[in-house]
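# Chains, contacts and geometry: an overview
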Amino acid sequence: DQQVKQNSPSLSVQEGRISILNCDYTNSMFDYFLWYKKYPAEGPTFLISISSIKDKNEDGRFTVFLNKSAKHLSLHIVPSQPGDSAVYFCAARGGNYGGSQGNLIFGKGTKLSVKP
Amino acid sequence: DGGITQSPKYLFRKEGQNVTLSCEQNLNHDAMYWYRQDPGQGLRLIYYSQIVNDFQKGDIAEGYSVSREKKESFPLTVTSAQKNPTAFYLCASSRRAALLNTEAFFGQGTRLTVV
């Protein structure tokens, strides 16, 4: 069963508007969440992260919100730009360090298309 | 420049052959990982290593083998036992998972095609 879910496989947004990518998780032991951006035929690049003790983290045009009670996080991109078009992966890490619990668990990704 | 390097970028293999994918990092990271990406799928963990001379199976280890003789290197062998080897393979590294705020850095990937 998937522990990290990105239920929207794709999202299309107009340039200049807000993009909101969503991610749900099932394991309450996750303590750290990350967003990665991936272009075709390239490795993912780290975008932004948030610790479970926070509910918001902002970096320029990117903001991640965490709602622990709902086990939900979202990535907001404002304003969206055509160069933001990529696949975005949500990832979570377990709270027990060492062993497999320290590894990242990825969602299936959401393909964002920002149209000029 | 510090980074993580995968080679080759594209690899073709005949059915029944073993093939080894290279992954090298100069970030002084303790932990290294191999993931596989298939269309419409997320990144699935094949093997990981938290320290030299030690590695553990991930979610889809069958048909794969790894070694971790050096901190910088974590090669992945795709054996003939792997039933569906055609995929995009990603190597990653991170500081030890025991540290907070640990993000993984990825290589550029290797596209393996079985012909």
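Scroll up a little and you will see the structure.
Think of each chain on its own: its residues are numbered from 1, step by step along the sequence as written. Starting at A for chains and at 1 for ligands, labels are handed out in the order in which the entities are written. Thresholds applied to this predicted model are a pLDDT of at least 70 for local features of residues and 80 or more for the giving and counting of side-chain atom pairs; totals over whole chains, interfaces and linings are not thresholded and use all residues. Side-chain metrics in this entry use all non-hydrogen atoms of the structure; hydrogen atoms and water are not considered.

## Quick look at the overall build of chain B
Defined as follows: Each helix is a run of DSSP H or I of at least 4 residues and each strand a run of E of at least 2, with the numbering of both proceeding from the N terminus. Using C-alpha atoms as the atom set, the radius of gyration is obtained and then compared with a globule rule of 2.2 Å times the number of residues to the power 0.38. Only protein chains enter the area calculation, which uses a 1.4 Å probe; residues under 20% of their type maximum are buried, those over 50% are exposed, and those in between are partly exposed. Residue contacts are counted whenever heavy atoms from the two residues lie within 4.5 Å of one another. Here the open area of atoms and residues is found with the Shrake-Rupley method and a 1.4 Å probe, where only the protein chains shown may cover a residue.
Scanning chain B from N- to C-terminus turns up zero helices and eleven strands. Overall, chain B shows an N-to-C arrangement of helices and strands of β-β-β-β-β-β-β-β-β-β-β. Relative to the compact-globule value of 13 Å for 115 residues, chain B shows a C-alpha radius of gyration of 13 Å, a close match. Projected onto the principal axes, the alpha-carbon positions of chain B cover approximately 40 × 30 × 25 Å. Taking all 115 residues of chain B together, the buried fraction comes to 48%. The contacts of chain B with a sequence gap of at least 6 include a subset with a gap of at least 24, amounting to 53%. Carbon and sulfur atoms form 47% of the exposed surface of chain B, whose accessible area is close to 5600 Å².

## Observations regarding the sheet that holds strand 1 (residues 4–5) of chain A
Residues and elements named next belong to chain A. This is how it is decided: Pairs of strands are assigned from DSSP output, requiring at least two bridges between the strands.
Spatially, 1-3-8-7-6 is the arrangement adopted by the five strands of the open sheet, whose pairing is antiparallel. One side of each edge strand has no neighbouring strand; the edge strands of this open sheet are strand 1 and strand 6 (56–59). With six bridges joining them, strand 3 (residues 19–25) and strand 8 (residues 72–77) adopt antiparallel strand pairing. Bridge pairing in strand 8 links C23 to L73.

These figures come from the coordinates and say nothing about function on their own.
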